[in-house]
Each structure stands twice: as C-alpha cells, then as structure tokens.
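Survey of secondary and tertiary structure
Next come the chains, spelled out residue by residue.
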Amino acid sequence: MRTFEDTYRHKGLRKRLVALLKEKGISDERVLEAINDIPRHYFLDSAFDEKAYEDKAFPIAVGQTISQPYTVAYQTQLLELKPFDKVLEIGTGSAYQASVLAEMGVQVFTIERQKALFEENKKFHYLKKYSNIKFFYGDGFAGLPTYAPFDKIIITAAAPFIPDKLIAQLKTGGKMVIPVGDGAVQRMLRLTKHADGSYSEEIFANFSFVPMLEGREGNGS
Ligand code: SAH
C-alpha cells in the first residue's frame, strides 16, 4: 500500500537529501530543485516511508529497483537538459527518474520491458500531473523509432554494449547517458552524436545497475 501525503517531516527529510547530494558534487540547481519538489516516498510502499529519503536504491516489484537518488541526480546532470528537449528513457521502473525529467520541463518518452511495472504506473495517480511523460511497454534495445529523433537518451539499466539502434535515434549533437558493462559494476558514459553518424565518448564514474535485458517480460510479450 502507498499513501499520498506529503508532510513537513517528508519535506524536511527531502531537504536533507538535497543537501547531501550537493555535498556529493551535484551542482545543477534544476536537478536539485526537482528532487526537492518530488515526494519520493510516493514511489515506495508506505512501510518504507523514511527509507525514501536515504541515498539508497530500493527494491520495487518484480526484482527491480528504484535507482539511488545520487544516481538519478548524476545521470540527469550529465544530460545537460534544455527546456522542451525530447528525452528517451530506457527502464521506467518506479517512474521516479521519469518524474525528475518531467519536473524539469522536458518531454519524456519512457520504455519498460516488465508488463507489471508498466501496468502499475498506469494506475499511479501522482503521475497524472505529468502530461509531458509518455509511457511505453517494450524493449528498450529497439528504442522508439516512431518518435525519434531525440535530443537526449538516458539508459537506467546496465547495458552490455552500446545499442546501435539507440545511437540511430539521437539527433546530431544529441547526447546519450548510459552505464556500460555486464559485470557487477558499470562505467557511466556520455556519448555525443556527430553529423556523420559517429559519436564521441566521455567516461565518468562507476555505478551498479540491474541488467538491461532483451525482449519484453509479462503477458503479451
Ligand atoms: N529509472 C528507474 C530505474 C529502474 S531499474 C527508476 O527511476 O526507478 C531499471 C529498469 O529497467 C527495470 O525496471 C527493468 O525492468 C528495466 N529494463 C531492463 N531492460 C530493459 C529493456 N531492454 N527495455 C526497457 N526496460 C528495461
């Protein structure tokens, strides 16, 4: 069960979380503001209310996780969002990352391969406030060719390799933030696409994500 009440206590815990993220090196004020504004405890069962404001990943349904706030902030900062950017997210999960993006005023297209999570988000009332998020049940390796090209692409699961089909769906000058590696730890990369279709690569810190898997899971797959 989830409860949807945002008390002074929650707001206070959130301020502390934002201060911690600042200390850890997150400097994009718009990212910090979005995290300050979104009741992360709405995304967890009410039994874990206080856990929502620890800087930790947390289990959600079907063996998946809501990413650690620091990871969400880090990836979002690397995207260098501009107002009205078209952003593709792979791995909707709890939809917390998608909400942070939406709160920052970009257009979000998010794909989830687990039917159960996709269905859960359809019933999640809080998300109705974000008319700028479109939810898709599908395989992120294929992206969304119908809606391409995108200004930015964010992958929130551990990618075993850089998917060509996603590079193809980036605009020239567009950026992709992707954790790459198939072991326990992945390297965060930021790719920038050039006019000739090639891309350059910047390497950032190590993170640990649940794996990006091929195909869809659940009924109708
Ligand atoms: N962005 C999420 C993080 C969820 S964890 C959040 O804010 O909570 C990663 C998610 O990626 C999981 O829900 C997993 O089911 C999903 N996933 C893994 N491989 C995928 C793929 N190929 N396409 C779409 N989603 C995928």
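Residues numbered from 1 in each chain as written. Predicted model: local features only at pLDDT ≥ 70, side-chain atom pairs only at ≥ 80, totals over all residues. Heavy atoms only, no water.

**Structural notes on the overall build of the protein**
Within the protein, the regular secondary structure consists of six helices and nine strands. In terms of C-alpha radius of gyration, the protein reaches 16 Å, essentially the compact-globule figure of 17 Å for 221 residues. Here the protein, with 221 residues, has 52% of them falling under the buried criterion. Within the protein, residue pairs in contact and separated by at least 24 positions form 56% of the contacts whose partners lie at least 6 positions apart. Summing over all exposed atoms, the protein offers an accessible surface of approximately 10,300 Å²; the carbon and sulfur share of this is 54%. Of the charged side chains in the protein, 29 are positive and 28 negative; the average position of the first set lies 3 Å away from that of the second. (Helix = DSSP H or I, 4+ residues; strand = E, 2+ residues; numbered from the N terminus. Rg over C-alpha atoms; globule rule 2.2 N^0.38 Å. Buried < 20%, exposed > 50% of the residue type's maximum accessible area, 1.4 Å probe, protein only. Contact = heavy atoms within 4.5 Å. Areas by Shrake-Rupley, 256 points an atom, 1.4 Å probe, with all protein chains shown as cover. Lys, Arg positive; Asp, Glu negative; His and termini not counted. Charge placed at Lys NZ, Arg CZ, Asp CG, Glu CD.)

**Re the nonpolar core**
One finds I35 and F43 to be the most contacted residues of the largest nonpolar core, which totals 45 residues. Counting residues per element, the ones that place at least two in this core are α1 (8–23), α2 (29–37), α3 (69–79) and α4 (96–103). If one sorts the elements of this core by residue count, α3 sits on top with six residues. If we skip the residues at most four places from it in the chain, I35 touches R14, L17, V18, L21, P69, A73, Y96 and V100. Among the nonpolar cores identified, the runner-up in size contains 22 residues, and F141, A157, I162 and L189 belong to it. (Core = buried A, V, L, I, M, F, W, Y, C linked by side-chain atoms within 4.5 Å.)

**Focus on the packing of α3 against α4**
Contact pair α3 / α4: the axes reach a minimum separation of 11 Å and the direction vectors enclose 40 degrees. In terms of their interaxial angle, α3 and α4 are classed as oblique. As α3 runs across α4, the sense of the crossing is right-handed. The residues of α4 that touch α3, namely those facing V72, Q75, T76 and L79, are Y96, Q97, V100 and L101. (Axes fitted to C-alpha atoms, helices over the stretch in contact; angles between N-to-C directions. Parallel < 35°, antiparallel > 145°, perpendicular 65-115°, else oblique. Left-handed = near helix turned anticlockwise from the far one by under 90°.)

**What about the pairing of strand β6 (residues 150–155)?**
Of all six residues that make up β6, six are buried, and the element is covered over most of its length. Alignment of strand β3 (residues 86–90) against β6, held across four bridges, turns out to be parallel. Across the sheet, the residue bridging to E89 is I154, located in β6. (Pairing = 2+ DSSP bridges.)

**Section: helix α5 (residues 115–123)**
Considered for burial, the residues of α5 that qualify are K115, L117, F118 and N121. The buried residues of α5 occupy an angular sector of 170 degrees when projected down its axis, which confines them to one face. (Arc of directions from axis to C-beta.)

**Re the site of the ligand**
G91, S94, E112, G140 and L213 are the nearest of the 27 residues found near the ligand. Within the side chain of E89, an N or O atom sits 2.9 Å from a nitrogen atom of the ligand. Calculation on the ligand without its partners gives an accessible area of 580 Å², and the protein chains cover 99% of this total. Class assignment for the residues of the shell around the ligand results in 11 nonpolar, 12 polar and four charged. (Near = heavy atom within 4 Å. Polar contact = N/O pair within 3.5 Å; in protein donor to acceptor, adjacent residues only side chain to side chain. Nonpolar A, V, L, I, M, F, W, Y, C, P; charged D, E, K, R; others polar.)

**Structural notes on unusual backbone geometry**
Here the bond from A148 into P149 is cis, since omega is 0 degrees, no more than 30 degrees from zero. Inspection of the secondary structure puts P149 in the loop between β5 (133–137) and β6. The residue A95 is not glycine, and still its phi comes out positive at about 75 degrees. You can see A95 is positioned in the loop between β3 and α4. Among the residues examined, A95 registers a relative accessible area of 0% and is labelled buried.

No statement about biological role is implied by the geometric values presented.
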